[in-house]
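# Analysis of the macromolecular model
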Amino acid sequence: MKTTTTFTFFSLAGLLVLVTADPAFAVVKLGVMGDSLSDEYFEDSYSYAENWTVQLVEHRGIDMGPTGVWGEPRRNGYEYNWARAGATSADVIVSGQDTGLAAQIVPEGIEYGVLMIGSNDQGSEDAYINIHDGTWSPAQINAWADGIATNIAASLDTVLPTGVKMVVTNSVDYGITPSVNTNGDVPNAAGRQAVSDVLRTILSPKIEAVAAARNLPYLDLAGAMDTVFGPQTNLNSTLTIGGVDIFLQEIDDPNGGNPNPDAGFVDDGIHPNTSIQGLFANLVMESLNVGYGANLSLFSEEEIVTHAGLTYGGSDTLFPQIGNYSDYVTNYNSAPITQSVIFSLDTTQSTVSLGGPTILGDYGPQSPGSDITPVKGHFLVEFDPTSASPPTIRFVGGHGFIDAEVTGNWLPGPNVETDPTSITNPAPADLAIQTPGGEVQWAERDFVWDWASEVVAIDPMTNSIDATDTRFIVLSLKEEVVDRYSCAPAICSDSYDFEGLSENLTSGSWTLVESAPGSGEWTLSLAGTYLDSANRIWSFDLTSTAQFGGENIETLGAADTTAEILGGAGVVGGVSLEFAAPTTGGSLTAQQIPFAGLTPEAIEAAAQNGQFVATTAAMEGDLQIWDVDFTGDLAGSEVALVFAYDEAPFVAAGIDESSLGIWHYSSSLDAWEFGGVVDPVANTITFTTSSFSPFVVGVAVPEPSCLALGSIGLFAMLGSVRKRCSTGGCRGRHC
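What this report covers is the structure whose coordinates are included nearby.

Calculation rules
Residues numbered from 1 in each chain as written. Predicted model: local features only at pLDDT ≥ 70, side-chain atom pairs only at ≥ 80, totals over all residues. Heavy atoms only, no water. Helix = DSSP H or I, 4+ residues; strand = E, 2+ residues; numbered from the N terminus. Polar contact = N/O pair within 3.5 Å; in protein donor to acceptor, adjacent residues only side chain to side chain. Contact = heavy atoms within 4.5 Å. Pairing = 2+ DSSP bridges. Axes fitted to C-alpha atoms, helices over the stretch in contact; angles between N-to-C directions. Parallel < 35°, antiparallel > 145°, perpendicular 65-115°, else oblique. Left-handed = near helix turned anticlockwise from the far one by under 90°. Nonpolar A, V, L, I, M, F, W, Y, C, P; charged D, E, K, R; others polar. Salt bridge = Lys/Arg side-chain N within 4 Å of Asp/Glu carboxyl O. Buried < 20%, exposed > 50% of the residue type's maximum accessible area, 1.4 Å probe, protein only. Core = buried A, V, L, I, M, F, W, Y, C linked by side-chain atoms within 4.5 Å. Phe/Tyr/Trp six-rings, centres within 6.5 Å; stacked < 30°, edge-to-face > 60°. Lys NZ or Arg CZ within 6 Å of the ring centre and 35° of its normal.

In this fold, Thr-53 is placed in helix α1 (residues 52-60). Among the polar contacts listed, one links the side chain of Thr-53 to the backbone oxygen of Ser-38, at a separation of 3.0 Å. Thr-53 has contacts with Val-32, Ser-38, Glu-40, Met-64, Tyr-78 and Asn-81, leaving out every residue within four places of it along the chain.

So this is what it looks like as structure tokens:
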């Protein structure tokens with residue numbers, strides 16, 4: 001049974017830190033990579049202020065190592081703090097912040113880490129000015145943002161193998177600082193807002209996707225500061241903390257004879273003063289709490305203002321202005337509401353077209369060829385289907401297919417053999433192509449594709465992602481020249497096997513939308529192209545749909561022993577559950593997989609290719625398959641599931657309903673089992689098991705082989721533990 005199933009007082013001369021932390025707070029070791037927002041202010045003109053790292057050490061007892069003279073890339077500060085003033089995301093790698101921290105983690109016992117970088121990248125390549133002035137194209141902006149995300153990913157991938165628990169933050173907008181928004185070089189508030197928009201809608205999602213792909217907590221630090229400071233076109237003047245007004249666009253300059261501890265910034269007009277850095281500290285601690293259960297005690301509003309040398313105003317005032325700190329943390333460490341949603345292609349709206357030069361084998365270019373065919377198949381996509389605007393999605397590899405349905409689409413031409421039976425291995429799901437003049441004809445056979453991706457950010461403005469961020473693999477595709485007249489026989493008999501080809505699309509976009517917030521009616525579409533090695537253009541125009549919303553998800557407490565999902569067993573396609581003993585509680589999800597559009601011939605052909613799903617040998621009519629997941633633990637007990645099946649296909653096929661049952665792969669037994677109690681009046685089947693995996697309505701036949709009940713497509717698709725085939729039928733894959 002799976003646990004989760006598919007289911008400081010600082011003396012520069014002496015380098016001494018007097019820690020005044022409350023001994024009641026737990027001591028944890030923390031390493032940091034970043035820029036001057038995290039680099040201790042010790043060696044700067046504004047050493048009178050405390051940034052977040054210093055506040056965590058001095059007032060919460062966080063261990064960042066002793067202070068010392070370390071040399072570059074660090075300055076004089078905490079041993080585990082590698083953040084360096086002026087650093088860009090590339091500098092983290094080039095200067096060795098990442099390798100330096102990675103080397104400390106195991107021997108020093110550093111448990112947690114924070115990467116807070118990117119603000120200085122706004123100055124690299126004059127990015128801020130170029131975006132502000134509108135001189136950069138969208139492609140240039142995207143390339144700049146991609147570079148930052150790539151650097152962040154590389155830095156993380158250096159430290160994560162050590163086991164450190166990292167938090168990732170996005171890039172705070174430089175435009176919130178007095179140094180920038182009063183600068184004569186960027187006088188246009190609308191231009192500054194354009195930079196803010198780029199940071200929020202283009203850069204931040206890319207950084208978030210990096211965190212999500214590595215299952216790390218993501219801190220929207222920029223979002224928190226946007227809330228505090230407001231839009232560039234109408235910047236806030238104050239933030240009230242503990243009844244004390246913090247003047248956001250003023251500077252504190254005691255060295256210049258203008259002490260102003262209630263100012264938002266220190267003397268350079270760039271770096272946040274102690275009070276704002278206190279918010280940074282709480283946001284970091286909240287990220288560690290949410291992501292890893294660190295149980296760190298956040299600073300109270302009284303503490304924040306006291307650390308800044310201010311007098312508490314007698315009441316807390318921060319929440320109505322910024323909300324909860326947790327509002328800015330997304331925990332991809334567990335991502336409990338991310339589900340695998342299966343999308344079925346709409347054959348009436350989905351086509352694949354092929355055109356371009358017919359450069360095949362050893363003979364020269366022919367006249368351009370083209371064809372277009374409807375397709376059918378499924379995609380498995382992971383995202384939060386309870387959200388009308390999910391920030392990221394992931395195409396799960398090894399689980400989908402696009403299957404062309406054209407059979408022998410032979411086009412007439414002079415002296416062309418038109419008898420489909422003369423073509424090797426005629427079968428459904430073939431693409432047949434002929435040039436207009438009939439010079440050469442070829443066929444694409446066993447046209448099965450698979451899509452995959454890392455976690456990819458969705459553009460919140462368009463609900464789309466760049467299709468080139470996804471990868472496709474040819475699982476099965478053979479190309480044969482079939483014209484017996486226009487080419488030599490040796491050439492005509494040639495075939496080309498593209499199995500295993502892995503490429504990205506040349507262009508295009510995926511779009512994921514919900515018909516209405518909370519409806520659960522999702523549409524996933526693709527408009528894209530791919531240019532293959534023969535300079536032919538493959539164009540994809542695909543539309544697929546899924547139903548996965550509130551009715552697919554139920555949250556169970558440890559005391560709950562019954563549940564209904566998809567409407568329960570009183571509704572066709574619904575499921576009711578009764579647990580034999582209390583569980584740990586958890587999220588229960590179910591989805592009935594819509595295979596009704598597959599014809600028996602298509603199912604049979606797919607099974608013979610070992611790529612998708614076929615029914616049991618004696619099964620007729622439409623398949624009914626449920627994917628049921630439970631994130632809790634059954635603790636070795638059992639659960640009775642009652643499935644409401646549709647009797648119509650069985651009645652039409654003349655099958656005695658009393659012979660029906662449920663095929664189920666038991667992970668505890670490592671075997672397929674068939675059984676269940678049928679109620680032909682209520683049209684339900686009750687099946688008791690101690691594990692979750694796909695449940696298929698069928699009839700009793702011998703244990704299904706790799707090709708009988710299901711091949712790679714379904715069982716890999718549903719993500720549960722699967723039995724490994726002992727024969728070569730699945731080519732070593734899980735079936």
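Still more ground to cover, so stick around.
A word on the sheet that holds strand β3 (residues 30-34). Read across the sheet, five strands follow the order β3-β6-β7-β8-β12 without closing on themselves; strand pairing throughout is mixed. The open sheet terminates on both sides in strands that have one partner only, identified here as β3 and β12 (329-331). The mean angle between the axes of side-by-side strands here comes to 20 degrees, regardless of whether they run parallel or antiparallel. Of the strands in this sheet, β3 and β6 (112-116) touch α1, which is tilted by about 170 degrees from β3. With respect to the sheet, helix α7 (residues 189-213) is in contact with β7 (165-169), β8 (217-219) and β12, its orientation differing from that of β8 by roughly 160 degrees.

As a further point, take the packing of helix α8 (residues 221-229) against helix α9 (residues 274-292). Interaxial distance between α8 and α9 falls to 11 Å at its minimum, and their mutual angle equals 140 degrees. Considering their axes alone, α8 and α9 lie oblique with respect to each other. Seen from above, α8 lies across α9 with right-handed handedness. Listed contacts from α9 to Leu-221, Ala-224, Met-225 and Val-228 of α8 are Ile-276, Leu-279, Phe-280 and Leu-283. By residue class, the composition of the contact of α8 with α9 is eight nonpolar, no polar and no charged.

To continue, consider the pattern of salt bridges. Counted according to the given criterion, the structure contains ten salt bridges. In this structure, the salt-bridge partner of Glu-72 is Arg-84, at a minimum N-O distance of 2.7 Å. On the criterion of sequence distance, the pair formed by Glu-72 in the loop between β4 (67-68) and β5 (77-78) and Arg-84 in the loop between β5 and α2 (89-94) is long-range, its members being twelve residues apart. Here Asp-146 makes a salt bridge to Lys-206, at a shortest N to O gap of 2.8 Å. In this pair, Asp-146 sits in helix α5 (residues 138-159) while Lys-206 sits in helix α7, placing the two residues 60 residues apart along the sequence. A relative accessible area of 34% means that Asp-146 is categorised as partly exposed. A relative accessible area of 19% means that Lys-206 is categorised as buried. Each of Asp-39, Asp-44 and Arg-75 takes part in salt bridges that share partners, so that together they form one network.

Turning to the sheet that holds strand β10 (residues 244-251), a few remarks are in order. With mixed pairing, the three strands of this open sheet are ordered in space as β9-β10-β11. The open sheet terminates on both sides in strands that have one partner only, identified here as β9 (238-241) and β11 (263-265). This sheet shows a mean twist of 40 degrees between the axes of neighbouring strands, independent of strand direction. Pairing of β10 with β11, which is carried by two bridges, proceeds in the parallel orientation.

In this structure, Leu-30, Trp-52, Leu-56, Trp-144 and Met-225 are the most contacted members of the largest nonpolar core, which totals 93 residues. Discounting residues that sit within four places of it in the chain, Leu-56 has contacts with Leu-30, Gly-61, Ile-62, Met-64, Ala-281, Val-284, Met-285 and Phe-299. Leu-345, Trp-451, Phe-540 and Leu-542 belong to the second-largest nonpolar core, a separate cluster that totals 30 residues.

Another aspect to go through is the packing of aromatic side chains. For the coordinates displayed, the defined rule picks out eleven aromatic pairs. When the ring of Phe-379 is compared with that of Trp-510, the centres are 5.4 Å apart and the planes differ by 85 degrees; the resulting orientation is edge-to-face. Here Phe-379 is found in strand β15 (residues 369-383), whereas its partner Trp-510 is found in strand β25 (residues 507-514), with 131 residues between them in sequence. Each of the two residues, Phe-379 as well as Trp-510, counts as buried. Pairing Phe-383 with Trp-522 gives two aromatic rings, centres 4.9 Å apart and planes at 75 degrees, and the pair type is edge-to-face. Taken as a pair, Phe-383 in strand β15 and Trp-522 in strand β26 (residues 521-531) lie far apart in primary sequence, 139 residues in all. For the pair Phe-383 and Trp-522, one class covers both residues: buried. Grouped by ring-pair contacts, the aromatic residues Phe-343, Phe-383 and Trp-522 constitute a single cluster. For Arg-74, the ring lying beneath its charged end belongs to Trp-82, and the centroid distance is 3.7 Å.

Read these as geometric descriptors, not functional statements.
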